[in-house]
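Tertiary structure, described
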Amino acid sequence: AQKVTQAQTEISVVEKEDVTLDCVYETRDTTYYLFWYKQPPSGELVFLIRRNSFDEQNEISGRYSWNFQKSTSSFNFTITASQVVDSAVYFCALSGYSSNTGKLIFGQGTTLQVKP
Amino acid sequence: KAGVTQTPRYLIKTRGQQVTLSCSPISGHRSVSWYQQTPGQGLQFLFEYFSETQRNKGNFPGRFSGRQFSNSRSEMNVSTLELGDSALYLCASSPSQSTTDTQYFGPGTRLTVL
């Protein structure tokens, strides 16, 4: 079965701290994609990154970085020097298709609160 | 390019009424998916449309229905509203029906059922 687990329900940090959001996935597919989305209080899900299963290179975009490790089926997201504007719910998702999940299998989300 | 748009943004209805939500995908995108988000259940897949055909449907009762038009715009309808239908309804579009496409989400419609 395909599944995404975000074990951290809520994380609270103080501004400028680094924070890592964990994501573990299960799939039998050999080719798949992993995604991270950010949902600020306004509600819109904002696409952050897409990574395919054959590319295990870490990616850095400004203060954001992603660590994809196929051996541990993890796709973790790190925010360096967090800011108040990073406060949001973050979702990890896996591509796939099943009758009741559609094209994206989402984790339960991690609520990140960055305090000034 | 304009993003995914959803109308209305906020809606208040009473039990027993019906509601129609609208979604306009990114220009050129032909696949539209709908999700319901509630605090207790998280993000749940409602249905997906591609080329005016419903490709699949999540585990929701028949009161939830949808359709897609030839210009790829989509609507979803909920009949006989229940209190538990209060949620954020998100629409997402992608270029094709491929599972590897990135889905881009709209701002959502927040439905409150009184």
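Residues numbered from 1 in each chain as written. Chains lettered and ligands numbered in written order. Predicted model: local features only at pLDDT ≥ 70, side-chain atom pairs only at ≥ 80, totals over all residues. Heavy atoms only, no water.

Considerations on the state of the cysteines
- In the structure shown here, the tally under the stated rule is two disulfides over all chains.
- A disulfide bridge connects Cys 23 of chain A with Cys 92 of chain A, and the sulfur atoms are separated by 2.0 Å. With the S-S dihedral at roughly -65°, the linkage between Cys 23 of chain A and Cys 92 of chain A falls on the left-handed side. Here Cys 92 of chain A lies in strand 10 (residues 88-98) and Cys 23 of chain A lies in the loop between strand 3 (19-21) and strand 4 (24-26), a separation of 69 residues in the sequence. Here the two residues Cys 23 of chain A and Cys 92 of chain A agree in accessibility, since each one is buried.
- Through a disulfide, Cys 23 of chain B is tied to Cys 91 of chain B; the S-S separation comes to 1.7 Å. (Disulfide = S-S within 2.5 Å. Helix = DSSP H or I, 4+ residues; strand = E, 2+ residues; numbered from the N terminus. Buried < 20%, exposed > 50% of the residue type's maximum accessible area, 1.4 Å probe, protein only.)

Comments concerning the environment of Ser 31 of chain B
- Checked against the element boundaries, Ser 31 of chain B lands in strand 4 (residues 31-38).
- Measuring from C-alpha to C-alpha, the distance between Ser 31 of chain B and Thr 53 of chain B comes to 9.6 Å, with 22 residues separating the pair along the chain.
- Ignoring sequence-local partners within four residues, the contact set of Ser 31 of chain B consists of Lys 103 of chain A together with Glu 48, Tyr 49, Phe 50, Ala 92, Ser 93, Ser 94, Pro 95 and Ser 96 of chain B.
- Of the polar contacts made by the side chain of Ser 31 of chain B, one reaches the side chain of Glu 48 of chain B; its length is 3.1 Å. (Contact = heavy atoms within 4.5 Å. Polar contact = N/O pair within 3.5 Å; in protein donor to acceptor, adjacent residues only side chain to side chain.)

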